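The residues making up each chain are set out below.
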Amino acid sequence: NLLRGEVADGEFRAPGDVRLAVRHAHRGAAVLGIRPEDIRVVAPEDGGIRAAIYTVELTGESTLVTADVGGARISARADRAFRAPIGTPIGLAIDAARLSLFDCSTTLRLTDPT
């Protein structure tokens, strides 16, 4: 998952009202990268990101949920029993310790200052 946005005042912001706290001194355009297994599907009010289900695919051991976030698509792994219709509002809870930020100009990973 790659989501283009910007970092300002310790926060990553992207279209779709995405706001996530980050521990980076970087300011300006950035791309957030996060693996589907590091995102939990939760109730809309419980996630750092509000989204709507775009597709649901049972993969056997889990369910791959792709969500629409401000016109971008983010995939998350949910429990294999997860079922919900297309368009259902959901929340996405991201494990901040597992995300990466990349510089838009160089495409290099921005290092965590801590």
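The present account deals with the structure reproduced in this document. All values reported here derive from a predicted model rather than from experimental measurement.

1. Side note on the nonpolar core
And then number 1: Counting residues in hydrophobic clusters, the biggest one holds 27 residues, and the most contacted among them are Phe12, Val18, Leu32, Ile49, Leu92 and Leu101.
And then number 2: When residues of this core are traced back to their parent elements, those giving at least two are β1 (2–8), β2 (11–14), β3 (18–21), β4 (28–33), β6 (49–58), β7 (62–69), β8 (72–79) and β9 (89–94).
And then number 3: In this view, Val18 contacts Leu3, Phe12, Arg13, Ile49 and Val69; residues no more than four positions away in its chain are not counted.

2. Considerations on the packing of aromatic side chains
And then number 1: If you walk through the whole model with that rule in mind, you get zero aromatic pairs.
And then number 2: Of note, Arg73 hangs over the ring of Tyr54, and the distance from its end group to the ring centre comes to 3.7 Å.

3. Focus: the sheet that holds β4
And then number 1: As summarised here, the arrangement of the six strands in space is β3-β2-β1-β4-β10-β11, forming an open sheet in which the pairing is antiparallel. Looking at which strands have only one partner, the edges of the open sheet turn out to be β3 and β11 (109–110).
And then number 2: Examined bridge by bridge, strand β10 (residues 100–103) and β11 share two bridges and lie antiparallel to one another. Bridging from a neighbouring strand, Phe102 pairs with Arg109 of β11.

4. A short note on the environment of Glu6
And then number 1: The topology assignment puts Glu6 in strand β1.
And then number 2: Taking C-alpha positions, Glu6 is 9.2 Å from His26, a pair spaced 20 residues apart along the chain.
And then number 3: Setting aside anything within four residues of it in sequence, one finds Glu6 in contact with Glu11, Phe12, Arg13, Gly28, Ala29 and Ala30.

Parameters and conventions
- Residues numbered from 1 in each chain as written.
- Predicted model: local features only at pLDDT ≥ 70, side-chain atom pairs only at ≥ 80, totals over all residues.
- Heavy atoms only, no water.
- Core = buried A, V, L, I, M, F, W, Y, C linked by side-chain atoms within 4.5 Å.
- Buried < 20%, exposed > 50% of the residue type's maximum accessible area, 1.4 Å probe, protein only.
- Helix = DSSP H or I, 4+ residues; strand = E, 2+ residues; numbered from the N terminus.
- Contact = heavy atoms within 4.5 Å.
- Phe/Tyr/Trp six-rings, centres within 6.5 Å; stacked < 30°, edge-to-face > 60°.
- Lys NZ or Arg CZ within 6 Å of the ring centre and 35° of its normal.
- Pairing = 2+ DSSP bridges.

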